[in-house]
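Working through the structure, step by step
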Amino acid sequence: MIGYVGTGYSFFECLRYCLEDKKELSEEQKQQLSQKDRLQHKDRAEVLFYNKCFGNKYELARDFIEVAQLSKRVEKPVFHFSLRLAPGESLSKDKLMEMGRECANHFNVADNQYICILHKDTNEQHIHIVANRVGYNGKAAKTSKSFKRMAALCRRLEKQYNLQEVLSPRAFLSPQERLLPRHDIRKEKLRTDIRQTLEQVNSYQSFEQKMQALGYKVIKGRGISFIDDKKVKTKGSEVGFSLTKIEQILSVKQKLETAQANQKRYEMTIRQEKEKQRSFTPAQKLIQRVRETAYVDHSPFIPVIQELTNLLSQLLEPVYTSNYLPYELTEAGIKRRRKKEQAQQMRH
């Protein structure tokens, strides 16, 4: 399970997004996509339940704003959560409603206004919760350590509902736990896609086109990065395929292709010589067959092909960068997080 938590200024915009279809899709596009992927792009949102509120997006936003005004100190009164199950997993609506209430309780908004919504336009079943941080008593739910709290909630719900376990963000682990090897489904998929694509192409241009066809945006500079359909950016070096490695593989494949073409021409020359044997005497044919066998066995291209094939096989095995450090754990990342926390404290 993957969880999201965020805060915002506008109840209306958050409710509009959660309650309506995607704005960028026309009615025709919704119908085409629904037929293509067998999902519900029209009327994608279903309200599972309301908590101390009711109405359409306009009425809900108005009521939420009225209560939020009970606190003069809260700049961002919107609490927005989402809980997304892993591919292939699903729960009944009753269980999803339970999860929505667990989320509200975990973030101390169970007694506040909130609405729980199921979205049906993705393969992964997921719900949204839009809540008012400000309660009827004028007190606001805290937002400190929200991402860590969401990670803890997801791990608890996974065990409670026997769901696939997803790793907590590395930033929330102890120094000892960060050293343990971690299985990342997103990176495993990217690693597999890169390797399979490299096996199919012989040039960088073809490689980039095929990766784009798989849904990745490729960014090439001093290194190479890939952005997937969830807008997550991953460096090639993180999955064992740096730009240098990719270029080396493509170079070896081009040399191998040239060597194989030379071997074919070499074999064709031998076949042409064999055609001339029709006019040879039996003794001449015997001598020619001996020569052909020697030519084939001692082809100068076969050792080259074998060497390049072995090298290519080694290169296609990804090299793992064990000392890779995520941005949030670098010195710059830590300083940036501290500045944000200090700014939030000053506002409150």
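Scroll up to find the structure.
Residues numbered from 1 in each chain as written. Predicted model: local features only at pLDDT ≥ 70, side-chain atom pairs only at ≥ 80, totals over all residues. Heavy atoms only, no water.

1. Here we look at the overall build of the chain
- Along its length, the chain carries 12 helices and eight strands.
- Residue pairs in contact within the chain that sit at least 24 positions apart in sequence constitute 68% of those at least 6 positions apart.
- Total accessible area computed for the chain in this model is approximately 21800 Å², and 51% of it derives from carbon and sulfur atoms. (Helix = DSSP H or I, 4+ residues; strand = E, 2+ residues; numbered from the N terminus. Contact = heavy atoms within 4.5 Å. Areas by Shrake-Rupley, 256 points an atom, 1.4 Å probe, with all protein chains shown as cover.)

2. Notes on the packing of aromatic side chains
- If you walk through the whole model with that rule in mind, you get 10 aromatic pairs.
- Both rings, one in Phe 12 and one in Tyr 58, keep their centres 5.3 Å apart while their planes meet at 35°; by these two values the pair is tilted. Of this pair, Phe 12 sits in helix 1 (residues 11-19) while Tyr 58 sits in helix 3 (residues 57-68), placing them 46 residues apart in sequence.
- Geometrically, the ring pair formed by Phe 79 and Phe 81 is tilted, given 4.7 Å between the ring centres and 35° between the ring planes. The same class applies to Phe 79 and to Phe 81, which are both buried.
- An aromatic cluster is built from Tyr 204, Phe 207, Tyr 216 and Phe 226, whose rings are joined through pairwise contacts.
- A cation sits over an aromatic face here: Arg 101 above Phe 49, 4.2 Å from the ring centre. (Phe/Tyr/Trp six-rings, centres within 6.5 Å; stacked < 30°, edge-to-face > 60°. Buried < 20%, exposed > 50% of the residue type's maximum accessible area, 1.4 Å probe, protein only. Lys NZ or Arg CZ within 6 Å of the ring centre and 35° of its normal.)

3. Comments concerning the side chain of Asp 21
- Here Asp 21 is to be found in the loop between helix 1 and helix 2 (27-37).
- Looking at Asp 21, its side chain comes within polar contact range of the main-chain nitrogen of Asp 43, at 3.0 Å.
- In terms of polar contacts, Asp 21 uses its side chain to reach the backbone amide nitrogen of Arg 44, at 3.0 Å.
- Apart from the residues within four sequence positions on either side, Asp 21 is in contact with Lys 30, His 41, Lys 42, Asp 43 and Arg 44. (Polar contact = N/O pair within 3.5 Å; in protein donor to acceptor, adjacent residues only side chain to side chain.)

4. Focus on the pattern of salt bridges
- In total, this model carries 20 salt bridges according to the counting rule given.
- The partner of Lys 57 in a salt bridge is Glu 20, and the shortest N-O contact between them spans 2.1 Å. Within this pair, whereas Lys 57 is found in helix 3, its partner Glu 20 is found in the loop between helix 1 and helix 2, the two being separated by 37 residues in sequence.
- According to the relative accessible area criterion, Lys 57 is buried, its value standing at 15%.
- By relative accessible area, which is 25% here, Glu 20 ends up partly exposed.
- Each of Asp 21, Glu 27, Lys 30 and Lys 42 takes part in a single network of salt bridges with overlapping partners. (Salt bridge = Lys/Arg side-chain N within 4 Å of Asp/Glu carboxyl O.)

5. Brief notes about the packing of helix 7 (residues 185-200) against helix 8 (residues 204-213)
- Close contact between helix 7 and helix 8 brings their axes to 10 Å; oriented N to C, the two are set at 135°. Taken together, the axes of helix 7 and helix 8 are oblique relative to one another. Where helix 7 crosses over helix 8, the two elements pack in a sense that is right-handed. Contact residues: helix 7 offers Leu 190, Asp 193, Ile 194, Thr 197, Leu 198 and Gln 200, while helix 8 offers Phe 207, Lys 210 and Met 211. (Axes fitted to C-alpha atoms, helices over the stretch in contact; angles between N-to-C directions. Parallel < 35°, antiparallel > 145°, perpendicular 65-115°, else oblique. Left-handed = near helix turned anticlockwise from the far one by under 90°.)

6. Overview of the environment of Tyr 58
- Accessibility expressed as a relative area gives 52% for Tyr 58, which makes it exposed.
- Spatially, the C-alpha atom of Tyr 58 lies 9.4 Å from that of Phe 11, the residues being 47 residues apart in sequence.

7. Topic: the sheet that holds strand 7 (residues 224-227)
- Across the sheet, which stays open at both edges, the three strands sit in the order 6-7-8 with antiparallel pairing between neighbours. Looking at which strands have only one partner, the edges of the open sheet turn out to be strand 6 (217-220) and strand 8 (233-235). Strand after strand, the sheet turns through a mean of 25° between neighbouring axes, direction not considered.
- Of the strand pairs in this sheet, strand 6 and strand 7 are connected by four bridges, and their pairing is antiparallel. Across the sheet, the residue bridging to Ile 219 is Ser 225, located in strand 7.
- Along the sheet face, helix 8 touches strand 6 and strand 7 and points at about 145° away from the line of strand 6. (Pairing = 2+ DSSP bridges.)

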